[in-house]
Structures are given as structure tokens and as C-alpha cells.
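Results of the structural survey
This is what each chain is made of:
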Amino acid sequence: MRKLFWKIFPPYEVRLTIQEAKSFLDQFADLSKSILDTEVTSIAKDVEKTIYSVRIDGMKPDELALLLITNVIGQHLGCGKYHIYRGVLNMTGQDMLKVWHAAQRTMLERKFVSKSEVEKDNHWIMEQVKGAG
């Protein structure tokens, strides 16, 4: 019964996380916006996980939104679907990479991650791009 209620009336944490993600994507995403928005919203609507992340893990909704965005981008750029050929992204892939870097910058500015974590994650995403396609 609770799951049905949450589908109709999502909890505050879910609504705020989705709102933060949409706001960020409106600002930074172009070609990849519809792809990222759909998947991030779908993941954030997993009420139990979102509430756990915010209430128990102590993440802020904007931090969770940025984390979900980077996770989705990492999955997409690692699969090769947005490549022209190995190591070269098409226009949508390039837009996703732009959004990735904007999210990393924002997380660093808001002190959600350290500079070394950003460098490590940026190295990882470039390895994903090089290896797929």
C-alpha cells in the first residue's frame, strides 16, 4: 500500500532530488538532456533507495542528483552507443561528456568530493571513452 501511495505522492526527498537533477540538466545538457533526464528521474523514483540515501546516508538532494547524473553518464559513455568509432564520441556523447565535467566541477565547488576524487573520476571516464566504440 505504501508503494502505491509513494507513486501517487512521492516523498519530499524524491521530489527535491528530481527537481535538482532537472534544474542541473536544464542548465548544462543539450542533446543528451532527454536521455539523461528520463533515466535519472527513473532512478530517483526508486523511493526506498532515494530516501535511504538522503535520510540515512546523509546526502543532500543536490548531491544525490549529481551523483545519479554522473552514474548514468558513465554507463552510457562506457557502452559505446554514443561513439562514432573507438575513442571518438558522437555529438550526443560529447554533450554527455560536457555534462559530466560540469557535474564534477559542481560537486567539487560544493565540496561533495575532493580534487583527487574528481581527477580519478575524470581519468576513469576518459578510459571508458577510449575503450568503447
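Just so we're clear, the structure is a prediction, and the values are computed from it rather than from any experiment.

Throughout the structure, instances matching the rule amount to 2 aromatic pairs. Between Phe24 and Phe28, the aromatic rings sit 4.6 Å apart at their centres with planes inclined by 40°, giving tilted as the arrangement. In this pair, Phe24 and Phe28 both sit in helix H2 (residues 12–28), 4 residues apart, roughly one turn of the helix. A centroid spacing of 6.2 Å and a plane angle of 35° characterise the contact between Trp100 and Trp124, whose relative ring orientation is tilted. Residue Trp100 is located in helix H6 (residues 91–109), and its partner Trp124 is located in helix H7 (residues 115–131); the two are separated by 24 residues in the primary sequence.

One way to put it is that H2 packs onto helix H5 (residues 61–79) with a least axis distance of 8 Å and a crossing angle of 60°. One way to sum up the angle between H2 and H5 is to call them oblique. You can see that H2 and H5 cross each other, and the crossing is right-handed. Residues Leu16, Thr17, Glu20, Ala21, Phe24 and Leu25 of H2 lie in contact with H5, whose contacting residues are Pro61, Asp62, Leu64, Ala65, Leu66, Leu68 and Ile69. Classifying every residue of the contact of H2 with H5 gives 10 nonpolar, 1 polar and 2 charged.

Cut-offs used in this document
Residues numbered from 1 in each chain as written. Predicted model: local features only at pLDDT ≥ 70, side-chain atom pairs only at ≥ 80, totals over all residues. Heavy atoms only, no water. Phe/Tyr/Trp six-rings, centres within 6.5 Å; stacked < 30°, edge-to-face > 60°. Helix = DSSP H or I, 4+ residues; strand = E, 2+ residues; numbered from the N terminus. Axes fitted to C-alpha atoms, helices over the stretch in contact; angles between N-to-C directions. Parallel < 35°, antiparallel > 145°, perpendicular 65-115°, else oblique. Left-handed = near helix turned anticlockwise from the far one by under 90°. Contact = heavy atoms within 4.5 Å. Nonpolar A, V, L, I, M, F, W, Y, C, P; charged D, E, K, R; others polar.

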